[in-house]
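Coordinates in review
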Amino acid sequence: QALPVLFKQWLKNEEVEEGRTAVLQCELTKPNTPVEWRKGDTVLQPSDKYEIRQEGTHVELFIYDAEAEDA
């Protein structure tokens with residue numbers, strides 16, 4: 001039976017000035033595990049606003065041109 005995927009490093013609160021890029025990152029116990037980024041019930045999709053990067057166990061979400069609504 002496969003072991004569950006856990007967070008090795010949890011998300012931390014980040015503060016960024018409006019108009020800048022916010023970067024959220026976490027680390028998982030298993031490499032290349034699919035990750036879903038959400039804001040409430042909405043699944044965030046790659047776009048001009050959001051970029052998702054994953055390399056091994058390290059996962060990052062970039063929020064470009066951050067606004068107060070992105071909190």
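Residues numbered from 1 in each chain as written. Predicted model: local features only at pLDDT ≥ 70, side-chain atom pairs only at ≥ 80, totals over all residues. Heavy atoms only, no water.

The condition that has to hold: UniProt positions are given in the numbering used here, feature names are shortened, and annotations may be inferred rather than shown by experiment.
The protein chain is annotated in an unreviewed UniProt entry as OBSCN protein of Brachypteracias leptosomus. The UniProt entry for the protein chain carries the following text under Subcellular location (unreviewed entry): "Cytoplasm".

A short note on the UniProt feature "domain: Ig-like" (unreviewed entry) in the protein chain
Worth spelling out the cut-off: Under the DSSP-based scheme used, a helix requires at least four consecutive residues in state H or I and a strand at least two consecutive residues in state E, with every element numbered from the N terminus.
In the numbering used here, UniProt assigns the "domain: Ig-like" (unreviewed entry) feature to residues 4-71. Its end C-alpha atoms 29 Å apart, residues 4-71 is made of 0% helix and 38% strand.

Details of the environment of Glu27
Selection rule: Pairs of residues are marked as contacts when any of their non-hydrogen atoms sit within 4.5 Å.
Along the polypeptide, Glu27 turns up in strand E2 (residues 22-28). Separated by 26 residues in the primary sequence, Glu27 and Arg53 have C-alpha atoms spaced 12 Å apart. With residues up to four places along the chain from it excluded, the contact list for Glu27 reads Leu6, Phe7, Lys8, Gln9 and Thr57.

A word on the sheet that holds E2
The line we're drawing: Note on pairing: two strands pair once DSSP finds at least 2 bridges between them. Axes here refer to lines fitted to C-alpha atoms; in helices the fit is confined to the stretch in contact. Angles between the N-to-C directions go from 0 to 180 degrees.
As summarised here, the arrangement of the 4 strands in space is E1-E2-E6-E5, forming an open sheet in which the pairing is antiparallel. Either end of the sheet is taken by a strand with one partner, and the two such strands are strand E1 (7-9) and strand E5 (50-55). Across the sheet, the mean angle from the axis of one strand to that of its neighbour is 30°, orientation sign disregarded. Pairing of E2 with strand E6 (residues 58-63), which is carried by 6 bridges, proceeds in the antiparallel orientation.

What to know about the nonpolar core
So the rule is basically this: Residues belong to a common nonpolar core when they are buried Ala, Val, Leu, Ile, Met, Phe, Trp, Tyr or Cys residues joined through side-chain atoms within 4.5 Å. Note on exposure labels: buried denotes an accessible area under 20% of the residue type's maximum, exposed denotes more than 50%, and partly exposed covers the range between, all computed with a 1.4 Å probe on protein chains only.
Counting residues in each nonpolar core, the largest one holds 9 residues, listed as Ala22, Cys26, Leu28, Trp37, Leu44, Tyr50, Val59, Leu61 and Ile63. Residue assignment for this core shows that the elements contributing at least two residues are E2 and E6. Setting aside its immediate chain neighbours within four residues, Ala22 contacts Val16, Leu61, Phe62 and Ile63.

Quick look at the pattern of salt bridges
Threshold: The term salt bridge refers to a side-chain nitrogen of Lys or Arg lying within 4 Å of a carboxyl oxygen of Asp or Glu.
One pass over the full model with this rule turns up 5 salt bridges. Measuring nitrogen to oxygen at the nearest pair gives 2.7 Å for the salt bridge that ties Arg38 to Glu36. Glu67 is the partner of Lys49 in a salt bridge, and the nearest nitrogen-oxygen pair spans 3.6 Å. One end of the pair, Lys49, is in the loop between strand E4 (42-43) and E5; the other, Glu67, is in the segment after E6, with 18 residues separating them in the sequence. Within this structure, Lys49, Glu67 and Asp70 form a network of salt bridges that share partners.

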